[in-house]
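Chains, contacts and geometry: an overview
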Amino acid sequence: MNGAQALLKTLADAGIEVFFSNPGTSEMHLVHAIGETEKVRSVLCLFEGVATGAADGYGRMADKPAVSLLHVGCGLSNGMANLHNARKAHSPIVNLVGNHATWHQQYDAPLTTDVPAHARVCSDWVGVSESADTLSADGAAAVHVSLKGSGKIATLIVPANHAWEETERVSKAAAKPSFPKVSDSVLEEVADLLSNGRRTGLVLGGRALRADALEVAGRISEATGASLICETFPVRLQRGMGRVPVNRIPYFAEKGVAFFSEYEQLILVGGRVPVAFFAYPGKPSLLAPDDCLVKPLASVDEDVMAALTSLADRLDAANAPVVRQQAVVFDFPCGRLTAETIGQSVSMLLPENAIIADEGITSSQPVYIATQGAAAHDWLAITGGAIGIGLPLALGAAVACPARKVVALQADGSAMYTLQALWTMAREKTDVTAVIFNNRSYAILNMELARVGAGRPNDKTLSMLDLGNPDLDWVQLSEGMGVPASRVTSAEAFHLAFEAAMQTKGPRLIEAVIAQDLGSIFG
């Protein structure tokens, strides 16, 4: 066999089932080996950012890596923004990146780049195969690294000749690494803090926002009075009717400061120290008060569930009652179409166990609030702030969970970064409904322009954030890629279109035309 075939055998034996691929000439032997390997599925993506974003969505939902197959340093760079999001999400991903044959690299051909340097920007581990004989073992190492903690990004660079040269070496897959445990001393210290009567918040992130961990955290909250606090952009929050609710940290810095002003102690459980998303003139970067004690219980890469369970035992909270989210009843939405009315329809119609991939940007918060009492679902957010994640994230989640309905809440400007994901959704027959919030604007940037105090904008300034002239036609864009689409302009029409999409399997797109009032932003 050749190196590529040996590598594919090892990856398949290690549990790799899906390749999100955008290959080039240097990867042709890898492509051929994928085609020969019955255990793996190849999902073609028309842009590398779709491949890496889909690998993120797959990793969040499957708790194991997919492979993104990319072409040399330029292809890796095209996928880097969504690898940034994936790294912030601690998603397990294996990047397989081809390179020129070893003897060809010296000639500085047009696509020659420093591929390892590109990879180090967005990877937790970078490997370069030394020969066809090492390639299988390198693949096993990449998968092993990707599964450490909550997940890592492992990038393996494969010179083309290592893929086509012969080898007899096939390595076995390494055992999945276990989560590190939290020490007894830390557990005792946190138990003491939760018993001292001070106003305390449990800042939850990573796997602490899964339903089983939230159950235990809810018991601790009831026993101690501590509040449950969710990161602003959760990796995967399991929420909705019957689940333990959490308070999400506000996005805007001044609201975040007000949110935390009453707290004397914060316990980090898979979450990070609360920090403003951006710096603003005259506003603090850290959201908690200066005199607030911040104590980590478990990092995102430690065994969060075991830590919470042990903490509950120490606090005699294992059998404490749990507050659960109740259903929220809405009337049939009528009149003007807004993010609020869209949220009401989504809440009323969302099927049990659905997945929401959220890149609605300025439209997200009203939908998030309205769906707190929807049927139980998973909410995936834009963890790293690099726009263009929403549609690929939904694609990857749908590939990981084909029996579950996926809803992509998608801002129009962000959608243009990776709209090629629609083609792959159609090709793979994924059960994704994309809701495009079309306000013909980079609305969040209009808000930020007002907030940073740069001055009152003129028409030239505002034109840099305007997506009109010409208007984007999302129905034509979607249908041109094979996804049936409709445009709605009223709350009633959206409700009916969304209801039909929830009752129909397969990809759909709803263009929701909503207005933006710049006067309310700039005064």
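Our subject is the structure listed above.
Residues numbered from 1 in each chain as written. Predicted model: local features only at pLDDT ≥ 70, side-chain atom pairs only at ≥ 80, totals over all residues. Heavy atoms only, no water.

Topic: helix α10 (residues 211-224)
With 14 residues, α10 extends 20 Å between its outermost C-alpha atoms, agreeing within 8% with the 20 Å of an ideal straight helix rising 1.5 Å per residue. Burial in α10 covers these residues: Ala213, Leu214, Val216, Ala217, Gly218, Ile220 and Ser221. Buried-residue contacts for α10 involve β7 (200-204), β8 (227-230), β9 (237-239) and α12 (304-314). (Helix = DSSP H or I, 4+ residues; strand = E, 2+ residues; numbered from the N terminus. Expected span 1.5 Å × (residues − 1). Buried < 20%, exposed > 50% of the residue type's maximum accessible area, 1.4 Å probe, protein only. Contact = heavy atoms within 4.5 Å.)

Brief notes about the pattern of salt bridges
A full pass over the atoms with the stated rule returns 24 salt bridges. Between Arg236 and Asp378 there is a salt bridge, with its nearest N and O atoms 2.6 Å apart. Placement of the pair is Arg236 in the loop between β8 and β9 and Asp378 in strand β14 (residues 377-380), with a sequence separation of 142 residues. Given the relative accessible area of 0%, Asp378 is considered buried. (Salt bridge = Lys/Arg side-chain N within 4 Å of Asp/Glu carboxyl O.)

A short note on the packing of aromatic side chains
Across all of its chains, the model carries 12 aromatic pairs by this definition. The interplanar angle of 70 degrees and the centroid separation of 6.2 Å between the aromatic rings of Phe20 and Tyr58 together place this pair among those described as edge-to-face. Of this pair, Phe20 sits in strand β1 (residues 18-21) while Tyr58 is found in helix α3 (residues 48-62), placing the two residues 38 residues apart along the sequence. Residue placement shows Arg248 over the ring face of Tyr368; its charged tip is 3.7 Å from the ring centre. Looking at Lys283, its charged tip hangs above the ring of Tyr280, at a distance of 5.4 Å from the centre. (Phe/Tyr/Trp six-rings, centres within 6.5 Å; stacked < 30°, edge-to-face > 60°. Lys NZ or Arg CZ within 6 Å of the ring centre and 35° of its normal.)

Let's talk about the environment of Glu479
Here Glu479 shows up in helix α20 (residues 474-479). A sequence separation of 311 residues divides Glu479 from Glu168, and the C-alpha atoms of the two residues are 48 Å apart.

Some points on the sheet that holds β8
Ordered by their spatial adjacency, five strands build an open sheet running β10-β8-β7-β11-β12, and the pairing between neighbours is parallel. The open sheet has two free edges, formed respectively by β10 (247-248) and β12 (293-298), since each of these has just one partner strand. In this sheet, strand β11 (residues 265-269) lies alongside β7 in parallel orientation, the contact comprising five bridges. Bridging across to β11, Thr200 finds its partner in Gln265. Strands in contact with α12 are β11 and β12; relative to β12, the strand with the most contacts, it is inclined by about 110 degrees. (Pairing = 2+ DSSP bridges. Axes fitted to C-alpha atoms, helices over the stretch in contact; angles between N-to-C directions.)

What about the environment of Ser195?
Within the secondary structure, Ser195 is located in the loop between α9 (184-193) and β7. On the basis of relative accessibility, which here comes to 54%, the residue Ser195 falls in the exposed class. In sequence terms Ser195 and Tyr251 are 56 residues apart; their C-alpha atoms lie 30 Å from each other.

Focus on the packing of helix α15 (residues 390-400) against helix α17 (residues 421-428)
Between two packed helices, what matters for the description is the angle formed by their axes and the separation of those axes. At their nearest, the axes of α15 and α17 sit 9 Å apart, and the two run at 20 degrees to each other. As judged from the angle between their axes, α15 and α17 are roughly parallel. Handedness of the α15/α17 crossing: left-handed. Counting all contacts with α15, which are made through Leu391, Pro392, Ala394 and Leu395, the residues of α17 involved are Ala421, Leu422, Thr424 and Met425. Across the contact of α15 with α17, the residue classes break down as seven nonpolar, one polar and no charged. (Parallel < 35°, antiparallel > 145°, perpendicular 65-115°, else oblique. Left-handed = near helix turned anticlockwise from the far one by under 90°. Nonpolar A, V, L, I, M, F, W, Y, C, P; charged D, E, K, R; others polar.)

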